[in-house]
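Each chain is listed here by its residues.
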Amino acid sequence: MGLTKQYLRYTASAVFGVIGSQKANIAYVTLRGGEKGRYVAVAACEHVFIWDVRKAEKVLILQGNKQEVTYLCPSPDGVHVAVGYEDGAVRIFSLLNGESNVSFSGHKSAVTVIRYDALGARLVTGSRDTDVIVWDVINECGLYRLKGHKDAITQALFLKDRNLLVTSSKDTFVKWWDLDTQHCFKTMVGHRSEVWGMALLNQEGRLLTGSADSELRAWDICYLQGGQEVGEPRVKKVKGLLDEDDEVEEGLDESPEERILSCEKAGSILRESRDRVVSMTTDAKAKVLACHGTDAVLEVFTVLPQEEVQRRRERKLKKAKKAARSKGGEEAVEPQVERKLGDEIVRMANIKASSKIRSVDCLLSPSGEMKVALLLQNNTVETYTLKTTEKSPQANKTSRLTLSGHRTDVRTLAFSSDNIAMLSASSETVKVWNRSTLQVIRTMACEYALCSLFIPGDRQIIIGTKSGKIQIFDLASGRLLETTDAHDGEMWSMCLSPDQRGIVTGGADKTVKFWEFELIKDLESGQNKRLTVKHTRTLQLDEGVLCVRYSPDQRLLAVSLLDCTVKIFYTDTLKFFLSLYGHKLPVLCLDISHDSALIATGSADRNVKIWGLDFGDCHRSMFAHDDSYSFLQFVPKTHLFFTAGKDKKIKQWDADKFEHIQTLEGHHREVWCLAVSPSGDYIVSSSHDKSLRLWERTREPIILDEEKEMEREAEFEESLAKGEEPVVPGETKGEAGPAGRKTIETVKAAERIMEAVELYREESKKLEEHREACEAAGKQLPPPRTNPILIAFGNISPSRYVLDVIKKVKSSELEVSLLVLPFPYIPDLLSLFNRFIRDGSEVELVCRCLFFLLRVHFGQISSNQMLLPVIDDLRSNTISKVQEIRDLLGFNSAGLQFLQREIESREDVMFFADATDRFEEKKRKRKKRERAVLTIT
């Protein structure tokens, strides 16, 4: 059956106009060994943009899939960045090439926090689903899931020297986790509202938390070892078995969690802002603390070292003694200076940003210069520097990224007649973009724009504003040529006349006005003429006008009104022709086809209606979007049209067959408007997520039946992934659980493993039957036909094919894929694992699968007598092979260490990172000695 009508697919071409999305944070990154503090990473809808703040250029794009980015965290070595998404996935990108090779899927909802440990080998993620998951970055798998919080996780921090984790949540609790035993050993309940931020100071000896009030609460942490504080001579006496009740006083109230650490409230610091803490961050060595609320002020504090705090205390004590002696003579009581938190954490400066702050990151250089990067709520990135060595440092703004996007939502779009330039206008600026390079050509200040178009010739643009004015801009000079008062209220719509000699405008003042283009003498230049508009006619109506459109033959004018109808008038006489009624809510957008035969109307009642312009009959009414319409436009020279709605989708329809052709998904918020290019090859759309998206028509045809089938498959896969989580036999519901989550990828991986085992069974059965046939015939018969799949993989053996299938499963999805395997497949896998280990094939991977299956199916395996010889062989083979590999690794490690010592002693150089650390330590000691010599002299 041939194609009766061919539709061509539109695909996403580019995302632009967004500098930084508000859902995620901002982070400093280092590119290719460049200087620190020059590049920042910000989320841009589903992508991550790396900006050079010095040149205000985009240098790298980390491509995402469909879900919006919610958190960013660069690795300690600066080579990778971990990105969390709205669906709970985590991907690790390389900053060297921008590619992602590692992905984790464990959370059910958006990732809210990501942190690396000091070595960059482990990753902790927190989510809105209240779970905390620890991942192994090197092995690319999940370690365990920590459950205990009752609301979204707001912060998670590894401790450097101890295998501990501290997490905070919106459930008002701060929890301490022992990662050796995967349990929560302490819960801090000193907050009355959500804990929004957290930081560790003083070599992890103090915890600072930010809540919904203006206080930053500080807690002193004492690490204990068997009842003794680390680094302190004081011993806490704990009651023993033979002690009498009256012998022990201090140890009676000690709880089990205080065997690891104890927390005591040390005081609080008052912020100037009265609202909640939005984010709190420190530099790498926790010398500087920066926090902000929902306003535009960033508060910066400096954390003084213990030597400086002691010096200040001694100075205060000296002054107090002197004052006491002067008042009470020689026999005065020696004064005491109370230790205050304000003496240790001192306010340094306040930074006033140009708009409300969404996120902050800071760097402190060895010279004492602090660099601060701010992501603002209005799609802007600002950077500041502070000299922390000065007595009262002042913040200096070093850069501001604003050119590549609007501060507010884009409300109107237009294409030039040659398809090259695009116009976008918001409440403060109008920008003209080059479609091929996506660079801004002109930026001009304007009033709140609601409608716009290019004037014929593409040298001027015309804007209709919320205050009812018409503004004309010249593109060559970028200046405002003229502002004309047109309507008393909002000017909702504007349309160019088909003869290109004028425009028609409709406003909230219940009028439709006709304007003609004229050339008048430019008073500023004195010689040249400039364009203006002259008011010619007015059509008075009974209701406010929402949209106006000319028919392409300029015979009719369609006007949508607030009374839910569309009135059709003759253009020449303005006589009433037709009234299109049937919508339950006002018609927000409409358009007329190129042959003036059809008119399509989109309403707030979520329906689109297609009418004939000859008699005004309704051809079809279609439920199109899940929310209100925002824009509708026909593709030039066709009866296909696009609709945009507040349900984040753009849909294409056939007005002849009344069929839905395709859905363009990509925007993460309401779609406000779209524009189709005059050639029909491009579409540009704008959304509440601050992004502009360009869509391009390809040569790929769309088969509607296949599209519907693909939609059904996608819905089935989504429902399959949302099914019940598989239960691990013997696992109790406690604080710790498996890290992985059932997804469509894990289900497909399990199916591939089952198919591979079935193929192995079939081939084994064939070989067995062939051997029996040869024995019965007494001669060698031709071998059975090999499975085509094995031939395609290079004529490999069936057992090797099973191993290759297991190897192709992602490391992070391996356990969950094995978990959903039915038990009848396990005996075959165990016998195969025995063969692989004996042959030395992928011993590490096979042992990982083996131990997991033994733990999951322990009861059934141990009760099955047929598996006893297999398990016995596995025990002996596994122990011997693993011991061989350990010996080999130990030998190689010792050899490498020997070679390192040899090269260092011969060339007098040091390898790796200790060289820099030792150099910095020597430099500090030398400066300290010089200072001591100067004070003595």
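Given the structure is predicted, the values throughout are model-derived calculations rather than measurements.

> Looking at this structure, how should I read the overall build of the protein?
The secondary structure content of the protein amounts to 11 helices and 58 strands. Among the 937 residues that make up the protein, the fraction classed as buried is 50%.

> What am I meant to see in the sheet that holds strand β11 (residues 122–127) here?
Backbone-to-backbone hydrogen bonds join strands into a sheet, with any given pair of strands oriented parallel or antiparallel. Spatial strand order, β10-β11-β12-β13-β58: five strands in an open sheet with antiparallel pairing. Each edge of the sheet is formed by a strand with only one pairing partner; in this case those strands are β10 (111–116) and β58 (736–737). In this sheet, strand β12 (residues 132–136) lies alongside β11 in antiparallel orientation, the contact comprising five bridges. Bridged to Val124 within β12 is Val134.

> In this structure, what is going on with a positive patch on the surface? I would like to understand it.
A surface patch of positive charge is lined by Lys36, Lys160, Lys285 and Lys287. Position of Lys285 relative to the elements: it lies in the loop between β23 (279–282) and β24 (288–292). Judged by its relative accessible area of 61%, Lys285 is exposed.

> What's the story with a negative patch on the surface in this structure? I'm lost.
Together, Glu751, Glu755, Glu758 and Glu762 make up a region of like negative charge exposed at the surface. Here Glu755 is to be found in helix α3 (residues 744–777).

> Teacher, can you tell me more about the state of the cysteines here?
The term disulfide refers to a covalent linkage connecting the sulfur atoms of a pair of cysteines. Taken as a whole and assessed by the stated rule, the structure comprises zero disulfides. We note that Cys222 lacks a disulfide partner, and the nearest cysteine sulfur, in Cys263, lies 8.3 Å from it.

> Looking at this model, I keep getting lost on the environment of Asp474. Mind explaining?
Positionally, Asp474 belongs in strand β37 (residues 469–474). For Asp474, the residues in contact, after removing those within four places along its chain, are Met444, Arg459, Gln460, Arg479 and Leu481. Of note is the side chain of Asp474, whose polar atom sits 2.8 Å from the side chain of Ser477.

> Quick question: what am I supposed to make of the nonpolar core here?
Here is a general trend for soluble globular proteins: nonpolar side chains tend to be buried in one another's company. Grouped together as the largest cluster of nonpolar side chains are 42 residues, with contacts concentrated most on Ile806, Leu829 and Phe833. Sorting the residues of this core by element identifies α3, α5 (798–808), α6 (814–819), α7 (826–839), α8 (843–856) and α10 (868–907) as the ones contributing at least two each. Leaving out residues up to four positions away in the same chain, Leu829 has contacts with Val757, Val802, Ile806, Leu821 and Leu853. Of all hydrophobic cores here, the second largest spans 28 residues; its members include Ala82, Phe104, Val134 and Val137.

> What is the right way to read the environment of Glu717 from this model?
Positionally, Glu717 belongs in helix α2 (residues 704–721). Setting aside residues no more than four positions away along its own chain, Glu717 makes contact with Ile744 and Lys748.

> Whenever I open this one, the pairing of strand β52 (residues 640–645) confuses me. Can you help?
One face of the sheet, then the other: side chains in a regular strand alternate in exactly this way. Of all six residues in β52, six are buried, a share of seventy percent or more. Pairing of strand β51 (residues 629–634) with β52, which is carried by five bridges, proceeds in the antiparallel orientation. Paired with Leu632 across the strands is Thr643, a residue of β52. Between β51 and β52, which pair antiparallel and follow one another directly, the connecting turn spans five residues, one of which, Lys637, has a positive phi of 65 degrees. Pairing between β52 and strand β53 (residues 649–654): five bridges, direction antiparallel. The residue bridging Phe641 from the neighbouring strand is Trp653, located in β53. Between β52 and the antiparallel strand that follows it, β53, lie three residues; Lys648 among them carries a positive phi value of about 75 degrees.

> So what exactly am I meant to see when it comes to the packing of α7 against α10 here?
It is at 9 Å that the axes of α7 and α10 come closest, and there the two elements cross at 30 degrees. One way to sum up the angle between α7 and α10 is to call them roughly parallel. Classified by chirality, the crossing of α10 by α7 is left-handed. Residues Leu830, Ser831, Phe833, Asn834, Ile837 and Arg838 of α7 pack against Val870, Ile871, Asp873, Leu874, Asn877, Thr878 and Lys881 of α10.

> Mind showing me how you'd approach the pattern of salt bridges here?
Working definition: two side chains of opposite charge can pair if their charged atoms are close together. Taken as a whole and judged by the stated rule, the model has 35 salt bridges. Between Arg549 and Asp591 there is a salt bridge, and its shortest N-O distance comes to 3.9 Å. On the criterion of sequence distance, the pair formed by Arg549 in strand β43 (residues 545–550) and Asp591 in strand β47 (residues 587–592) is long-range, its members being 42 residues apart. Note on accessibility: Arg549 and Asp591 belong to one class, buried. With its nearest N and O atoms 2.8 Å apart, the salt bridge here joins Arg697 to Asp681. Of this pair, Arg697 sits in strand β57 (residues 692–702) while Asp681 sits in the loop between β55 (671–676) and β56 (682–687); the two residues are 16 residues apart in sequence, bridging distant segments of the chain.

> Would you mind going over α3 with me for this structure?
Owing to its 3.6 residues per turn, the α-helix brings residues three or four apart onto one side. With 34 residues, α3 should cover 50 Å at 1.5 Å per step; its first-to-last C-alpha distance of 49 Å lies within 8% of that length. Phi turns positive, to about 75 degrees, at Gly778, one or two residues after α3.

> I'm lost on unusual backbone geometry in this one. Help?
When glycine is set aside, most residues are seen to have a negative phi, and most peptide bonds are trans. Unusually for a residue other than glycine, Leu438 sits at a positive phi of about 60 degrees. By relative accessible area, Leu438 is classed as partly exposed at 21%. With phi around 70 degrees, Cys564 is a residue other than glycine that occupies positive phi space. For Cys564, the position within the fold is in the loop between β44 (556–561) and β45 (566–570). Look at Cys564 and you get buried, because its relative accessible area is 16%.

> I'm lost on the packing of α7 against α8 in this one. Help?
The geometry of a pair of packed helices is captured by two quantities: the angle between their axes and the separation between those axes. The geometry of α7 relative to α8 is characterised by a closest axis approach of 10 Å and an angle of 145 degrees between their N-to-C directions. In the packing of α7 onto α8, the handedness of the crossing is left-handed. Where α7 abuts α8, its residues Ile826, Leu829, Leu830, Phe833, Phe836 and Ile837 lie against Val846, Cys847, Cys849, Leu850 and Leu853. Residues belonging to the contact of α7 with α8 are distributed by class as follows: 11 nonpolar, no polar and no charged.

> What exactly am I supposed to notice about the sheet that holds strand β32 (residues 421–425) here?
With antiparallel pairing, four strands are arranged side by side in an open sheet as β31-β32-β33-β34. Of all strands in the sheet, those bounded by a partner on one side alone are β31 (412–415) and β34 (440–445). Taking each pair of neighbouring strands and ignoring which way they run, the sheet shows an average axis angle of 15 degrees.

> Is there a simple way to explain a nonpolar patch on the surface in this structure?
Side chains of Leu896, Phe898 and Leu899 sit close together on the surface and give an oily, nonpolar patch of about 320 Å² of accessible area. Note on placement: Phe898 falls in helix α10. A relative accessible area of 44% places Phe898 in the partly exposed class.

> Mind showing me how you'd approach the side chain of Thr130 here?
Here Thr130 lies in the loop between β11 and β12. Sequence-distant contacts of Thr130, defined by excluding residues within four places in its chain, comprise His149, Lys150, Asp151, Ala152 and Ile153.

> Would you mind showing me how to read the confidence of the model for the protein here?
Note that predicted coordinates carrying low pLDDT should not be read in detail. Taken over all residues, the pLDDT of the protein has a mean of 85, while the share at 70 or more is 90%. For residues 226–254, every residue scores under 50 in pLDDT, and the model assigns this stretch 30 contacts once sequence neighbours within four places are set aside.

> Can you help me understand the environment of His292 in this one?
Position of His292 relative to the elements: it lies in strand β24. Here His292 falls in the buried class, since its relative accessible area comes to 0%. As a C-alpha pair, His292 and Val278 span 14 residues in sequence and 6.0 Å in three-dimensional space. Excluding anything up to four places from it in sequence, His292 contacts Arg271, Arg276, Val277, Val278, Ser279, Val297, Leu298, Ile357, Arg358, Ser359 and Val360. Here Ser279 takes part through its side chain, which lies 2.6 Å from a polar atom of the side chain of His292.

> Is there a simple way to think about α8 in this case?
Between its first and last C-alpha atoms α8 spans 20 Å; for 14 residues at 1.5 Å apiece the expected length is 20 Å, and the two agree. Burial analysis of α8 places 10 of its 14 residues in the buried class, the great majority of the element. Of the positions making up α8, those classed as buried are Val843, Leu845, Val846, Cys847, Arg848, Cys849, Leu850, Phe852, Leu853 and Val856.

What counts and what doesn't
Residues numbered from 1 in each chain as written. Predicted model: local features only at pLDDT ≥ 70, side-chain atom pairs only at ≥ 80, totals over all residues. Heavy atoms only, no water. Helix = DSSP H or I, 4+ residues; strand = E, 2+ residues; numbered from the N terminus. Buried < 20%, exposed > 50% of the residue type's maximum accessible area, 1.4 Å probe, protein only. Pairing = 2+ DSSP bridges. Patch = residues over 30% accessible without salt bridge, like charges linked within 9 Å, V, L, I, M, F, W, Y side chains within 5 Å. Areas by Shrake-Rupley, 256 points an atom, 1.4 Å probe, with all protein chains shown as cover. Salt bridge = Lys/Arg side-chain N within 4 Å of Asp/Glu carboxyl O. Lys, Arg positive; Asp, Glu negative; His and termini not counted. Charge placed at Lys NZ, Arg CZ, Asp CG, Glu CD. Disulfide = S-S within 2.5 Å. Contact = heavy atoms within 4.5 Å. Polar contact = N/O pair within 3.5 Å; in protein donor to acceptor, adjacent residues only side chain to side chain. Core = buried A, V, L, I, M, F, W, Y, C linked by side-chain atoms within 4.5 Å. Axes fitted to C-alpha atoms, helices over the stretch in contact; angles between N-to-C directions. Parallel < 35°, antiparallel > 145°, perpendicular 65-115°, else oblique. Left-handed = near helix turned anticlockwise from the far one by under 90°. Expected span 1.5 Å × (residues − 1). Nonpolar A, V, L, I, M, F, W, Y, C, P; charged D, E, K, R; others polar. pLDDT = per-residue confidence, 0-100.

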